[in-house]
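# A closer look at the structure
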Amino acid sequence: MEILSFKNVNFMRNQKSILSDINWQVNQGENWVILGLNGSGKSSLIKLIMAENWKTSGELTVLGTRFGKDQIPALRQQISIVGSFIAERFNGNSHAENLVYTGKFNSSMLYKPFTDQELDEARELMHQVGASDLIGRIYGTLSQGEKQLLLIARSLILHPNILILDEATNGLDLFAKENLLEKLHDITTMKNAPTLLYITHHPDEITEDFNKILLLRDGKIIQSGDKSSILTEQSLTNFYQKPIQIEKINKKYFVIPKKDF
Ligand SMILES: Nc1ncnc2c1ncn2[C@@H]1O[C@H](COP(=O)(O)OP(=O)(O)OP(=O)(O)O)[C@@H](O)[C@H]1O
């Protein structure tokens, strides 16, 4: 089943071309890493998928919804996003499980006091992502890693078809980052697992759970496809336009710039 389809999509703002000639297809069963340097257009691409940005031209279909032809609001319910910029939107005084439950409404606001039965659903998700310790905690007192874990639980409450992680490991220490990547493994092995779109600058976060990679530079796709064909020194040297070498340690890929001596 097709999850995303971009056909010759262009996106311009203020007479500036931000994304050009994007051709990309994501199918069920694929989990993608979007790799790009600062300003390459990663967030703009994600905002197109979430219908926060509107393409300038081309054809874009997300979960069967054709932009410009079909209704968008229902689509937003099927896509969740986790990222440090989302983490800042919540009230620091919220209880962890209340915050998780706000995911039901795709909003950072509490519309009403939630019943204990409703909050049980939130607690169950917290168990599932290994965040049981956070039940009853106040959001503003949590560490960055704990906040991200909570947001992952929140992102799952509507059983999304697409889960976007936008630089989700920002600000996490070595172990919190590892923990988050392990939780992603649990998510990819869940029944009816969402398709993951994982945005990062760091190739060492490309775990075995990801099978596809998209390389974005200056608003253009430089290469996309199977991980094995993209995580090569030749492809990445071409992408970064600087010589690099790849070291694989414990199934992790470390990309190291080669120095000219
Ligand atoms: N509304 C806008 N008007 C003008 N330029 C914009 C607008 N939105 C984004 N840009 C520019 O488009 C380019 C891509 O931005 P985008 O935020 O998508 O990149 P990114 O890959 O997510 O970057 P980072 O890794 O730094 O977050 C940048 O040069 C940015 O300044």
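By the naming in an unreviewed UniProt entry, the protein goes by ABC transporter ATP-binding protein and is assigned to Lactococcus nasutitermitis. Quoted verbatim from the Sequence similarities (unreviewed entry) heading of the UniProt record, the comment on the protein is "Belongs to the ABC transporter superfamily." Here is the UniProt Subcellular location (unreviewed entry) comment for the protein, exactly as written: "Cell membrane".

Secondary structure assignment for the protein yields nine helices and 12 strands. In terms of overall dimensions, the protein is globule-like: its C-alpha atoms have a radius of gyration of 19 Å, near the 18 Å expected for 261 residues. Taken over the C-alpha atoms alone, the protein extends approximately 60 × 45 × 35 Å along its principal axes. The buried share among the 261 residues of the protein stands at 33%.

As a further point, take the packing of helix α6 (residues 144-155) against helix α7 (residues 174-188). Running from N to C, α6 and α7 cross one another at 10°; their axes reach a closest spacing of 10 Å. Considering their axes alone, α6 and α7 lie roughly parallel with respect to each other. Residue-level inspection shows Gly145, Gln148, Leu149 and Ile152 of α6 in contact with α7, the latter providing Ala176, Asn179, Leu180 and Lys183. Residue composition of the contact of α6 with α7, by class: four nonpolar, three polar and one charged.

Take the site of the ligand next. Near the ligand you find Arg13, Asn14, Lys16, Ile18, Gly36, Asn38, Gly39, Ser40, Gly41, Lys42, Ser43 and Ser44, and these make up its full shell. At the level of elements, β2 (16-27) and α1 (42-49) are the ones that each hand at least two residues to the shell around the ligand. With three residues, the top contributor of residues to the shell around the ligand is α1. Each residue belonging to the shell around the ligand can be placed in one class, and the counts come to one nonpolar, eight polar and three charged.

Moving on: the nonpolar core. Counting 59 residues, the largest nonpolar core has Ile34, Val100, Leu150 and Ala153 as its most contacted members. Counting residues per element, this core draws most heavily on α6, at five residues.

Here we take up unusual backbone geometry. Trans is the common state for peptide bonds, and a negative phi is the common state for residues other than glycine. At leucine 63, a residue that is not glycine, the phi angle is positive and equals roughly 50°. The class for leucine 63 is partly exposed, based on 18 C-beta atoms found within 10 Å. Although it is not a glycine, aspartate 218 adopts a positive phi angle of roughly 50°. With respect to the helices and strands, the residue aspartate 218 is situated in the loop between β9 (212-217) and β10 (220-226).

Taking 1.5 Å per residue as the helical rise, α6 with its 12 residues ought to reach 16 Å, and the 16 Å between its terminal C-alpha atoms agrees with that figure. Every buried residue of α6 is listed here: Lys147, Gln148, Leu149, Leu150, Leu151, Ile152, Ala153, Arg154 and Ser155.

Another point: the pairing of strand β8 (residues 195-200). A regular strand places its side chains so that they alternate between the two faces of the sheet. With respect to burial, β8 is a largely interior element, five of its six residues being buried. In terms of strand pairing, strand β3 (residues 32-36) meets β8 through four bridges, oriented parallel. Bridge pairing in β8 places isoleucine 34 opposite isoleucine 199. What joins strand β7 (residues 162-166) to β8 is α7, and the crossover it makes is right-handed.

What the six strands build is an open sheet, ordered β6-β7-β8-β3-β9-β10; its pairing is mixed. Lying at the two open borders of the sheet, with one neighbouring strand each, are β6 (79-83) and β10. With strand direction ignored, the average angle separating the axes of adjacent strands in the sheet is 15°. In terms of strand pairing, β3 meets β9 through five bridges, oriented parallel. Residue glycine 36 lies in a different strand from β9, and its bridge partner there is leucine 216.

Attention now moves to the pairing of strand β1 (residues 2-13). One ladder, built from eight bridges, connects β1 with β2; its direction is antiparallel. By the bridge assignment for β2, arginine 13 is matched with lysine 16. Count of turn residues in the β1/β2 antiparallel hairpin: two residues, of which asparagine 14 carries a positive phi of about 50°. Pairing of β1 with strand β4 (residues 57-62), which is carried by five bridges, proceeds in the antiparallel orientation. Pairing of serine 5 across the sheet is with threonine 61, part of β4.

Definitions and limits used
- Each residue is numbered by its place in its chain's sequence as written, counting from 1.
- pLDDT decides what is reported in this predicted model: residues at 70 or higher carry local features, side-chain atom pairs at 80 or more are listed and counted, and totals for whole chains, interfaces and linings draw on all residues regardless.
- UniProt positions are given in the numbering used here, feature names are shortened, and annotations may be inferred rather than shown by experiment.
- The helix count covers DSSP runs of H or I at least four residues long, the strand count covers runs of E at least two residues long, and both are numbered beginning at the N terminus.
- A radius of gyration in this sense is built from C-alpha atoms; the matching globule rule multiplies 2.2 Å by the number of residues raised to 0.38.
- To sort residues by exposure, count the other C-beta atoms lying within 10 Å of each residue's C-beta; 20 or more gives buried, 12 or fewer gives exposed, and values between give partly exposed, all with C-beta atoms placed from the backbone.
- Working convention: axes come from line fits to C-alpha atoms, limited for helices to the stretch in contact. Angles between N-to-C directions cover 0 to 180 degrees.
- Between 65 and 115 degrees an angle is taken as roughly perpendicular, under 35 as roughly parallel, over 145 as roughly antiparallel, and anywhere else as oblique.
- For the purpose of contact definition, each residue receives a C-beta atom placed from its backbone, and two residues are in contact when these atoms lie within 7 Å.
- When residue character is reported, Ala, Val, Leu, Ile, Met, Phe, Trp, Tyr, Cys and Pro are called nonpolar, Asp, Glu, Lys and Arg charged, and the others, Gly included, polar.
- For each residue, a C-beta position is placed from the backbone atoms; the residue is near a molecule or strand when that point lies within 6 Å of it.
- To define a nonpolar core, we join buried Ala, Val, Leu, Ile, Met, Phe, Trp, Tyr and Cys residues through C-beta atoms within 7 Å and take the resulting set.
- Under the convention used throughout, the expected extent of a helix is 1.5 Å for every residue step, that is, one less than its residue count.
- Here, any two strands with at least 2 DSSP bridges between them count as paired.
- By the criterion used throughout, a crossover qualifies as right-handed when its path from the first strand across the helix to the second strand runs clockwise, the strands pointing away from the viewer.

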